[in-house]
Amino acid sequence: ERGRAGGTTGGGEAYDFSDTPDQDKDIDPVVLAATNADVEIQANNDIFLDSSLQLVQPGATFTARAGRNILMDAGVVITTNNGAVTLVGNEDASFGADPAHRDPGAGVISMHSLAAINSGGADVTLRLKPSPDPANTAQFITVSTINAGGGTIEIQRRCEARLQCENPLRVAAL
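No experiment lies behind these values; they were computed from the predicted model shown.

Calculation criteria
- Residues numbered from 1 in each chain as written.
- Predicted model: local features only at pLDDT ≥ 70, side-chain atom pairs only at ≥ 80, totals over all residues.
- Heavy atoms only, no water.
- Helix = DSSP H or I, 4+ residues; strand = E, 2+ residues; numbered from the N terminus.
- Buried < 20%, exposed > 50% of the residue type's maximum accessible area, 1.4 Å probe, protein only.
- Contact = heavy atoms within 4.5 Å.
- Pairing = 2+ DSSP bridges.
- Axes fitted to C-alpha atoms, helices over the stretch in contact; angles between N-to-C directions.
- Salt bridge = Lys/Arg side-chain N within 4 Å of Asp/Glu carboxyl O.
- Polar contact = N/O pair within 3.5 Å; in protein donor to acceptor, adjacent residues only side chain to side chain.
- Core = buried A, V, L, I, M, F, W, Y, C linked by side-chain atoms within 4.5 Å.

A few words now on the overall build of the chain. Across its full length, the chain carries one helix and 17 strands. Looking at the 174 residues of the chain, the share that counts as buried comes to 46%. Considering only intrachain contacts with a sequence separation of at least 6, the fraction spanning at least 24 residues in the chain is 59%.

Structure, rendered in structure tokens:
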């Protein structure tokens with residue numbers, strides 16, 4: 001499954017790991033923003049964020065969970081109004097991802113150099129879990145502009161389900 005700005009929303013649109021897991025999905029970011037609630041996108045394989053998303057509801061969070069990659073295109077900006085932003089690559093079965101519908105290869109979280117995340121003061125977390133295939137060790141996180149305001153930015157690579165990470169990077173707000 002490949003999600004293009006699509007997934008589970010709080011507004012009745014439900015696209016999660018188990019919903020037609022072998023098909024691609026496209027969801028208009030306007031639909032996601034109109035939920036006025038937390039938004040969670042799930043895909044067994046990859047999530048392509050190719051359009052900007054602005055959640056104006058105070059405290060509404062944005063979460064993307066991919067079985068392999070999360071890729072943000074040039075010009076894409078994820079903006080919340082003091083709502084946490086969480087991106088998780090290589091999501092595992094304990095969170096519902098189905099490895100049978102995951103393409104081979106190491107997972108990545110990659111923000112194009114012209115992409116940005118602005119959480120309006122809430123925490124931002126980029127978490128890349130270990131690949132389900134031990135041969136795929138070339139996992140990486142590419143970060144561009146992240147503005148967490150008074151929140152914390154946390155970048156975690158090769159994290160186990162219980163958040164035990166290799167060399168996590170935490171940046172507290174200044």
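On to the sheet that holds strand β15 (residues 145–147), then. Consider a sheet: its strands pair through backbone hydrogen bonds, and that pairing is either parallel or antiparallel. Pairing in this open sheet of four strands is parallel, and the strands run β6-β9-β12-β15 from one edge to the other. Of all strands in the sheet, those with a lone pairing partner are β6 (53–55) and β15, marking the two edges. The sheet shows a mean angle of 0° between the axes of neighbouring strands, direction not considered. Bridge analysis of β6 against strand β9 (residues 77–80) gives three bridges, and the strand direction is parallel. Across the sheet, the residue bridging to Gln54 is Thr79, located in β9.

The next point concerns the pattern of salt bridges. Per the stated rule, a full pass over the model turns up five salt bridges. A salt bridge links Glu91 to Lys129; the shortest N-O distance between them is 2.5 Å. Of this pair, Glu91 sits in the loop between β10 (85–89) and β11 (108–111) while Lys129 is found in the loop between β13 (124–128) and β14 (140–142), placing the two residues 38 residues apart along the sequence. Across this residue pair, the class does not change: Glu91 and Lys129 are buried. In this structure, Asp92 and Lys129 form a salt bridge, with 3.3 Å as the shortest nitrogen-oxygen distance. Of the two residues, Asp92 sits in the loop between β10 and β11 while Lys129 sits in the loop between β13 and β14, which places them 37 residues apart along the sequence. Taken together, the shared-partner salt bridges connect Glu40, Arg65, Glu91, Asp92 and Lys129 into one network.

Inspection of the secondary structure assignment puts Asn90 in the loop between β10 and β11. Within the structure, the side chain of Asn90 is placed 2.9 Å from the backbone oxygen of Lys129, a separation counted as a polar contact.

Core analysis: the biggest nonpolar cluster contains 32 residues, and Leu49, Phe62, Met72, Leu87, Ile117 and Leu126 have the highest contact counts within it. Leaving out residues up to four positions away in the same chain, Leu126 has contacts with Leu87, Ile109, Met111, Ile117, Ile141, Val143, Ile146, Glu154, Ile155 and Gln156.

A few words now on the pairing of β11. Burial along β11 is two-sided: the residues Val108 and Ser110 and Ile109 and Met111 are all buried. Sheet analysis places strand β8 (residues 70–72) next to β11, joined by three bridges and oriented parallel. The residue bridging Met72 from the neighbouring strand is Met111, located in β11. The pairing of β11 with β14 spans three bridges and is classified as parallel. Within β14, the position partnered with Val108 by the bridge is Phe140.

We now examine the pairing of strand β16 (residues 153–157). Summarising burial for β16: four of the five residues are buried, a large majority. Bridging between β13 and β16 involves five bridges; their strand directions are parallel. Within the sheet, the bridge partner assigned to Leu126 lies in β16 and is Ile155.

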